[in-house]
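Chains, contacts and geometry: an overview
Listed below, chain by chain, are the residues.
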Amino acid sequence: GRGEKALAGLSERGGLAEGDTPGYMEAPEVLIRAHLSQTAETGEALQALVAEPRFGVEDENLCTTVLVLLLETAILVWDRRLCTVLAERLVPAANLSTAWRAYTCPARHLGAAAALLGEPDKARNYYHQALEAAGKIRFRPEIALTRLQLCELLLEHYPDERAEALEHLDFAIGEFRDMKMQPSLERAL
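Calculation rules
- Within each chain, residue numbers correspond to sequence positions counted from 1 in written order.
- The predicted origin of the model limits local features to residues at a pLDDT of at least 70 and limits the giving and counting of side-chain atom pairs to 80 or more, whereas totals for whole chains, interfaces and linings rest on all residues.
- Calculated side-chain values reflect all of the structure's heavy atoms, with hydrogen atoms and water omitted.
- Only runs of H or I of at least four residues qualify as helices and only runs of E of at least two qualify as strands under DSSP, and these elements are numbered from the N terminus.
- In what follows, a contact means two residues having at least one pair of non-hydrogen atoms within 4.5 Å.
- Computed with the Shrake-Rupley method and a 1.4 Å probe, the accessible areas treat only the protein chains shown as cover for residues.
- Nonpolar cores are built from buried Ala, Val, Leu, Ile, Met, Phe, Trp, Tyr and Cys residues. Side-chain atoms within 4.5 Å join them into one set.
- Buried means the residue's accessible area, taken with a 1.4 Å probe over protein chains only, is under 20% of the maximum for its type, while exposed means over 50%, and partly exposed covers the values in between.
- Axes, fitted as lines to C-alpha atoms, cover a helix only where it is in contact. Angles between the N-to-C directions of the axes lie from 0 to 180 degrees.
- For classification, angles of less than 35 degrees are called roughly parallel, those exceeding 145 degrees roughly antiparallel, those between 65 and 115 degrees roughly perpendicular, and all remaining angles oblique.
- Handedness of a helix crossing follows the sense of rotation of the near helix relative to the far helix, less than a right angle counterclockwise being left-handed and clockwise being right-handed.
- Only rings of Phe, Tyr and Trp enter the pairing, Trp through its six-membered ring, and a pair is recorded when the two centres are within 6.5 Å. The plane angle decides the type: under 30 degrees is stacked, over 60 is edge-to-face, the rest tilted.
- Only lysine NZ and arginine CZ atoms are considered, and such an atom sits over a ring when it is within 6 Å of the ring centre and within 35 degrees of the ring normal.

Focus on the overall build of the protein chain
In terms of helices and strands, the protein chain carries 10 helices and 0 strands. When the helices and strands of the protein chain are placed in sequence order, the string is α-α-α-α-α-α-α-α-α-α. A separation threshold of at least 6 residues defines the contact pool for the protein chain, and within that pool the share at least 24 residues apart is 59%. Entry remark: accessible area of the protein chain is about 10,100 Å², with carbon and sulfur atoms responsible for 51%.

Dropping the structure here:
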């Protein structure tokens, strides 16, 4: 919930540190801007970023973490074409939880991409994969975020499953409160 502070921190850091992969500095910046609702500029920055030869989405050396950051950004700016390309690259990592500088489950983002692309059954399957992966390591924030997204999907595409959706929502709200995840709590409420 402190996007401006996060952007300032990236600026203060400067260049790549030893061990950073290409794009690691740029990908978080465009993601933060997308979360700050700077979608027009973010969409352009995202397109410029993935068009660079040293950091194109076809680069086999692009790490999973950067792919997840790019996919999350593409989802936030509603770039369906890029979601399709990035999701295809990320599918082999769906059952993982990443921990290198971006703590998340790729399956949650694959679920969001599938939902954006109009594939609710596929999205639902990915959300269940994310819950399984996050549950194995008791990854509370990721479980809560996944359950919120699953709730949204169920309410939108599976109206007969409203009771289950509300169970996911109640769980997520409680977790967001406990973990002081204010932006997610506001979204859930």
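Notes on the nonpolar core
Counting residues in each nonpolar core, the largest one holds 57 residues, and the members touching the most others are Leu46, Leu70, Leu71 and Phe176. If sequence neighbours within four positions are ignored, phenylalanine 176 has contacts with Ala144, Leu145, Leu148, Met181, Ser184, Leu185 and Ala188.

As for the packing of helix α6 (residues 106-116) against helix α7 (residues 120-136)
One way to put it is that α6 packs onto α7 with a least axis distance of 7 Å and a crossing angle of 165°. Looking at the two axes, α6 sits roughly antiparallel to α7. You can see that α6 and α7 cross each other, and the crossing is left-handed. Together, Ala107, Arg108, Leu110, Gly111, Ala112, Ala114 and Ala115 of α6 and Lys122, Ala123, Tyr126, Tyr127, Gln129 and Ala130 of α7 make up the contact between the two elements.

As for the packing of aromatic side chains
Taken as a whole, this structure holds 0 aromatic pairs when the rule is applied. The ring centre of phenylalanine 171 lies 3.9 Å from the NZ or CZ of arginine 147, which sits over that ring.

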